[in-house]
Amino acid sequence: LITPWNFPAAMATRKIAPALAAGCTVILKPASETPLTAYALAALYEEAGVPPGVVNVITTSNPGPVTAAMLADARVRKLSFTGSTGIGRVLLAEAAKHVISCSMELGGNAPFIVLDDADLETALDGAMIAKMRNAGEACTAANRLYVQAGIHDAFAEGLRKRMAALAIGPGTDSETECGPMITRKAVDKIDRLVQDAVARGAKILCGGAAAEGRGFFYPPTVLSDVPADAAMAHEEIFGPVAPISRFEDEAEVIAKANDTEYGLAAYIYTRDLAKGMRMASKIESGMIALNRGLMSDPAAPFGGVKQSGLGREGGQKHGIAEFMEAKYIAVTI
């Protein structure tokens, strides 16, 4: 089980629980940025009575050789990975050498679509959740905001006001509404994507420059008129930046939403549920949120299509099925 840094407890428990329920022992390799959460979870499992050797944790700052060694062990029957598509491809290639079953929850590039008939305040509420949950450091985060022409200006101004009003600070401060990014490298990537969009014609409505001083902070940022050829239209931002693009009709926005190699999550806002369901059926995404900014639910299968992954986590049966094999027994009496 290989987990990312952005939700270190949730990602681990979402993999460990179904694996144990299916009768598997597990090795958890957490991200090198967040190892201590994994050790804390292991201690809790021990306290709860999980036998020694059932839940194992290994940490490393050099994951390539460690992961290769684990996958080469004949006892390993399953690899469950959550992380970037690039690393997922490397792991799939390594697992293929040993014919190991893989579950992959990979990158996203979620479109957030607001139609003219949407309730403005409801759409803004949803955008703040979908964009700013975990300061945008989430694979399901709204990465491309497509707003129909009739509501575009009001939505852009409303989002600017809300984003500009957020309090930036450390997670230890109860007043903080947007905390730091995980590393300096993450800040540099976000700034690169913003500057690229601006160079291509996007307008900065708020934020738009890395914060000075200590800490890995990037201010909540709203961009308008973001062109389709901007790098952030094709890469995960993984930060508090909301790029807005205008569209005219339903067919146009569906084409734009699907113009990506990813297909993890998508959001649609409209008062017309029949229209929303029709659009949802045409958008290439494993998960759709209709008139809501948060889609994750333990009872629902979580996962994507295209380059966003293989298999599902969670749900009443999908999650545990990933750690099991179907057996067929034909009997003659």
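So, here's what we can say about the structure. For every chain, the first residue of the written sequence is number 1, and numbering continues from 1 onward in sequence order. Only residues with pLDDT of at least 70 are given local features in this predicted model, and only at 80 or more are side-chain atom pairs given and counted; all residues enter the totals for whole chains, interfaces and linings. With hydrogens and water stripped out, all remaining heavy atoms of the structure feed into the side-chain values.

### Considering the sheet that holds strand 5 (residues 110-114)
Paired through their backbone hydrogen bonds, the strands of a sheet run either parallel or antiparallel.
No. 1: Note: two strands are recorded as paired if DSSP finds a minimum of 2 bridges between them. A run of H or I in DSSP becomes a helix once it reaches four residues, and a run of E becomes a strand once it reaches two; helices and strands are each numbered from the N terminus. The 7 strands are arranged 7-8-9-6-5-10-11 in an open sheet whose pairing can be described as mixed. Since the sheet does not close on itself, it has two edges, and those belong to strand 7 (203-206) and strand 11 (287-290), each with one partner. Across this sheet, the average inter-strand angle for adjacent strands is 25°, counted without regard to direction.
No. 2: Relative to strand 9 (residues 241-247), strand 8 (residues 221-224) is paired through 3 bridges, and the arrangement is parallel. Looking at strand 9, one finds that Val222 is bridged to Ala242.
No. 3: Against the sheet, helix 9 (residues 273-282) touches strand 5, strand 10 (265-269) and strand 11, its axis set at about 165° to strand 11. The angle between two axes is taken between their N-to-C directions and runs from 0 to 180 degrees, where each axis is a line fitted to C-alpha atoms and a helix contributes only its stretch in contact. Should any heavy atoms of two residues lie within 4.5 Å, those residues are counted as being in contact.

### Details of the packing of helix 8 (residues 250-258) against helix 9
No. 1: Running from N to C, helix 8 and helix 9 cross one another at 35°; their axes reach a closest spacing of 10 Å. Between helix 8 and helix 9 lies a crossing of right-handed hand. Facing Glu250, Val253, Ile254 and Asn258 of helix 8, the residues of helix 9 in contact are Lys275, Arg278, Met279 and Lys282.
No. 2: In terms of residue class, the contact of helix 8 with helix 9 is built from 3 nonpolar, 1 polar and 4 charged. By convention, the crossing between two helices is left-handed when the near helix turns anticlockwise from the far helix through less than a right angle, and right-handed when the turn is clockwise. In this classification, Asp, Glu, Lys and Arg are treated as charged, Ala, Val, Leu, Ile, Met, Phe, Trp, Tyr, Cys and Pro as nonpolar, and every other residue, Gly included, as polar.

### Let's talk about the sheet that holds strand 4 (residues 101-105)
No. 1: Across the sheet, 3 strands lie side by side as 3-4-12; this open sheet has mixed pairing. Since the sheet does not close on itself, it has two edges, and those belong to strand 3 (78-82) and strand 12 (309-310), each with one partner.
No. 2: Of the pairings in the sheet, the one linking strand 4 to strand 12 comprises 2 bridges and is antiparallel in character. Bridge pairing links Met104 to Leu310 in strand 12.

### So, the layout of surface pockets
No. 1: Put simply, the grid is 1 Å and covers the protein atoms alone, a cavity is a trapped set of points that fit a 1.4 Å probe, a pocket is an open set with protein on both sides within 12 Å along at least five of seven lines, and lining residues have an atom within 4 Å of a point. Grid points are joined across faces, edges and corners, and a volume is the space filled by probe spheres set on the points. Computed from the structure, the second largest pocket encloses a volume of approximately 740 Å³.
No. 2: As for the second largest pocket, its lining consists of 28 residues, and the residues nearest its centre are Thr25, Arg75, Val76, Arg77 and Lys78.
No. 3: Counting only elements with at least two residues in the lining of the second largest pocket, the list comes to strand 1 (26-28), helix 3 (63-71) and strand 3.
No. 4: Ranked by residue count, the leading element in the lining of the second largest pocket is helix 3, at 3 residues.

### Considering the packing of aromatic side chains
No. 1: Whether two aromatic rings pair depends on their centres lying within 6.5 Å, for rings of Phe, Tyr and Trp, where Trp uses its six-membered ring; planes under 30 degrees apart make the pair stacked, over 60 edge-to-face, and the rest tilted. Taken as a whole and assessed by the stated rule, the structure comprises 3 aromatic pairs.
No. 2: Summarising the aromatic geometry, the rings of Trp5 and Phe238 are spaced 5.8 Å apart at their centres and angled 85° between planes, so their arrangement reads as edge-to-face. Taken together, the residues Trp5 in the segment before helix 1 (8-21) and Phe238 in the loop between strand 8 and strand 9 connect sequence positions 233 residues apart. Here Trp5 and Phe238 have matching classes, each one buried.
No. 3: An aromatic cluster is built from Phe112, Tyr267 and Tyr269, whose rings are joined through pairwise contacts.
No. 4: If you follow Arg14 out to its NZ or CZ, it ends over the ring of Phe302, 4.2 Å from the centre.
No. 5: Here the basic side chain of Lys78 rests over the ring of Phe323, its NZ or CZ set 6.0 Å away from the ring centre. We call a residue buried when its accessible area falls under 20% of the maximum for its residue type, exposed when it is over 50%, and partly exposed in between, using a 1.4 Å probe and counting protein chains only. Lysine NZ or arginine CZ positioned within 6 Å of the ring centre and within 35 degrees of the ring normal marks a charge as sitting over the ring.

### A closer look at helix 2 (residues 35-48)
No. 1: Take the number of residues in a helix, subtract one, and multiply by 1.5 Å to get its expected span. With 14 residues, helix 2 should cover 20 Å at 1.5 Å per step; its first-to-last C-alpha distance of 21 Å lies within 8% of that length.
No. 2: Burial in helix 2 covers these residues: Ala38, Leu41 and Tyr45. Take helix 2 and look down its axis: the buried residues cluster within an arc of 60°, on one side only. Exposed positions of helix 2 whose direction lies more than 90 degrees from the buried face are Leu36, Leu44, Glu46 and Glu47. For this quantity, the arc is that covered by the directions from the helix axis to the C-beta atoms.

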